Structures are given as C-alpha cells and as structure tokens.
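Here's the letter readout for the chains.
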Number of protein chains: 2
Amino acid sequence: MIIVLRLRHRIIRDQRLSTHVGLIARAFGADKLYYSGQKDEHLEKSIVHVVDTWGGNFKIEYIKNWKSVVKEYKNKGFIIVHLTMYGLLANEIIKKIKETSDNVLIIIGGEKVPSEAYELADYNVAIGNQPHSEAGALAVFLHMLTDGKEFNIEFEDAKLKIIPSNKGKIVKKLKD
Amino acid sequence: MIIVLRLRHRIIRDQRLSTHVGLIARAFGADKLYYSGQKDEHLEKSIVHVVDTWGGNFKIEYIKNWKSVVKEYKNKGFIIVHLTMYGLLANEIIKKIKETSDNVLIIIGGEKVPSEAYELADYNVAIGNQPHSEAGALAVFLHMLTDGKEFNIEFEDAKLKIIPSNKGKIVKKLKD
C-alpha cells in the first residue's frame, strides 16, 4: 500500500500543485492522498471528479494533525519516506526501501517543511540534490518504487479509457 | 542536447507550475526552456536565480511563435517529442527515441494544447494514459531518457552544493 501525505496546503497558492500531486499519486498507483494545512473543497472535488471519470479507488482526506497520521502508519509497519532535495539519493536507497516493506508513506513538503518531517521519516530521499519540484520528485520516486506501474495500471469502474496513439486522441467510452 | 518547450504559459495561473517545469528541466539535465504564451519576468527571474545559486548553464527564453522554434529544431535534426496522456506509452517507445538521436526537443502543454503540437511531434508520448501533471510527466520522461542523470549531474560554477544526508540539511558553500 502506498500513501502520500502533502504538508501545508494553502488554498490559493497551492491548489494546482496539490491537484497535480494528487493526480500523480493516483496515476502512479498510490492508494490515498492525505493533506494538511488548509482544508480545500475545490482540491478534493478535482480529485474525486478524476476518480469518478477515470476509475479506481483513490481517496483524498484532509487531516489537521499530520504527525499523528505519520505515527499511526509507522505503528502499522509502514516505511516513512520524506522527499527532500537534502536527502539521500533515491537511486542509492530505493532497493533497501523496496526490500524492507511494500507499505510506504511518502511525505511531500510545500515550503518551509517542519523539522519533524525529517525526524519522523525513516528515509529522507532526494531525486537529485537540486531544487526542482515536489510533483516531479513524487512522480519519479513512485516510478522507481513501483518499477513503472504507471504504464500497466488498470483502473476499475472507469467511464473513459485512452487507447495510446501516436497522433490525435483516442478515447473509449466504457460506460455513462 | 535536450530542449524543453512549455506552451501557453499564463502569468497568474501557471507561474508556479511553469517554474517547476523549468527547474525540473534544469535538474534533470536539459539545456534550455523555451516558453510561449505570456511573457513573464517573474518566471524568468526565478529560473535565473536558481542557476545563479546552484550553477550550470541552463537558459530560459520567451518565444512568440513556438511553431517556428519547433520547425527550426526539427531542421537541425532534433527529435520532437510531445508529452501527452493520449500518446504512446513511454516505456514502449523510449528505446527507439534514444537510438535515433541525442538531440530531443520536448513539448509540454498547458491546457488546450493546439493540434499542431500533436502533428509536429515525431512522437506523442504518455507517462501512463491517465490524467496527471505535465511536471510529473516531464520529470519521469527525462529520468527515462537520460537513465537517471539527475542523480549524477554536476553543475559548474555553483555557489551552493548539497551533501546528501538522511537527517537534516547539509549545504556546502562553494563561493560567494
């Protein structure tokens, strides 16, 4: 099971990026997005709408106290990974993470990540030690963690499905 | 050489996402970001500031006529890749792309990508056929195209460099 936790969401400033984070989590095979910061109906609706159209069981849930959620999953045996440019290089640590457990909680910061995120994490992991993007980092980390599951995943109960094509858009309607 | 072209940038709505796209391009080894749409001083400054601090020769340039830039690179022998959820799966096409040329121009849409992008591209490529994120798609595509160059890349003339660490932040000051 793969859970993503997005810290410190701010409604206006982060809405699109947090939506991207949620959609990446779903598309790359994670099961759920928790987010802390400001509760955001619009963010939740965007994600629920995508699940409704494109299928699967991906969930989104707002949480006030992110530390208690991290501790809860830690107690359930999940590995806690915090993605940060300061962390260990993912290519050097990913094998160890995969071998330790299939259950991973991935913490994604916004700006000003609290120091507890670094401390609570079993692994602070970097997709390269350069500044870039929590969305990019999450996508590459999930790609590595699941060995490219985004290319094979099938979503149950989808209304629409894309048929890969080199030109144009081929969308198959599966149900209303 | 790897060039990224971001289409239809809008100053308010896309600023953070386009910044992420630019930073991903740089961190994963691309040489330059072109962007069309609205010219955005703030976007350009953010990218230039990161290059100034963290090194390398990454460039950003606004262009009015994106089609002529694509045609120019096509004439120079670049492969044109357009990242889209409707495209061929990257894992099935990446080997062919790598074998054809080291020079790739990657087109990244915003909303409402013009049909010319699909037509001008040699390859329309999907990082999975689900809706997610142009930032996530770019990061994973560059990771695959460069075989994880983001983990080994060194940026010349950097003022700061991170020493990977499992707890906390270790930043080495290389020069003022």
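Chains are numbered independently. Their residues run from 1 in the order of the written sequence. Each chain is given a letter, starting from A, and each ligand a number, starting from 1, according to the order in which they appear as written. This being a predicted model, a pLDDT of at least 70 is required before a residue's local features are given, and a value of 80 or more before pairs of side-chain atoms are given or counted; all residues contribute to the totals for chains, interfaces and linings. Heavy atoms throughout the structure, all of them, feed into the side-chain values; hydrogens and water do not.

Peer 1: Please provide a residue-by-residue account of the interface of chain B and chain A, values included.
Peer 2: Residues count as neighbours in contact if any of their non-hydrogen atoms are within 4.5 Å of one another. Between chain B and chain A, the residue contacts involve 55 residues of the former and 55 residues of the latter. Accessible-area loss on putting two parts together, using a 1.4 Å probe and summing over both, is the definition of buried area adopted here. With both chains or domains summed, chain B and chain A bury close to 4,600 Å², and 63% of this area falls on carbon and sulfur atoms. On the chain B side of the contact with chain A, B:Arg16, B:Tyr86 and B:Phe151 bury the most area, a combined 17% of that side's loss. Salt bridges are identified by distance alone: a Lys or Arg side-chain nitrogen within 4 Å of an Asp or Glu carboxyl oxygen. At the junction of chain B with chain A, the criterion picks out two salt bridges. Measuring nitrogen to oxygen at the nearest pair gives 2.6 Å for the salt bridge that ties A:Arg16 to B:Asp14.

Peer 1: Lay out the relation of the copies chain B and chain A with the relevant residues and their values.
Peer 2: Residues below a pLDDT of 70 in either copy are left out; the C-alpha atoms of the rest, at least 70 in both, set the least-squares superposition of the copies. Taken as rigid bodies, chain B and chain A are interconverted by a rotation of 180° and an axial shift of 0.0 Å, the fit giving an RMSD of 0.0 Å. Overall, the copies show the geometry of a two-fold rotation axis. It is B:Gly136 whose C-alpha, among those of chain B, lies nearest the rotation axis, at 2.2 Å. Taken together, the interface assignments show that 100% of the residues at the interface of chain B recur at the interface of chain A, consistent with an identical surface on both copies.

Peer 1: Explain unusual backbone geometry to me, using residue names and the numbers behind them.
Peer 2: Even without a glycine there, the phi angle at A:Arg8 is positive, about 55°. As for its placement among the helices and strands, A:Arg8 is situated in strand 1 (residues 2-9). Residue B:Asp147 is not a glycine yet carries a positive backbone phi of 55°. Summarising the element assignment, B:Asp147 is placed in the loop between helix 6 (134-145) and strand 7 (160-162). B:Asp147 gets classed as exposed once you look at its relative accessible area, which sits at 61%. Each helix corresponds to a stretch of at least 4 residues labelled H or I by DSSP, and each strand to a stretch of at least 2 residues labelled E; elements are numbered beginning at the N terminus. Exposed residues in this analysis have more than 50% of their type's maximum accessible area, buried residues have under 20%, and partly exposed residues fall in between, with area computed by a 1.4 Å probe over protein chains only.

Peer 1: Describe the sheet that holds strand 3 (residues 59-62) of chain A, listing the residues and the values that go with them.
Peer 2: Residue and element names in this part refer to chain A. Paired strands, as defined in this entry, are two strands with at least two bridges between them according to DSSP. Strand order in the open sheet formed by six strands is 3-2-1-5-4-6, with parallel pairing between adjacent strands. On the outer flanks of this sheet lie strand 3 and strand 6 (123-126), each paired with one strand and no other. In this sheet, adjacent strand axes meet at a mean angle of 30° when their direction is disregarded. The pairing of strand 1 with strand 2 (residues 32-37) spans five bridges and is parallel. Opposite Arg6, over in strand 2, you have Tyr35 as the bridge partner. Lines fitted to C-alpha atoms define the axes, with helix axes restricted to the stretch in contact, and inter-axis angles between N-to-C directions lie between 0 and 180 degrees. Here helix 1 (residues 11-27) sits on the sheet in contact with strand 1 and strand 2, set at roughly 175° to strand 1.

Keep in mind these numbers describe shape, not what the thing actually does.
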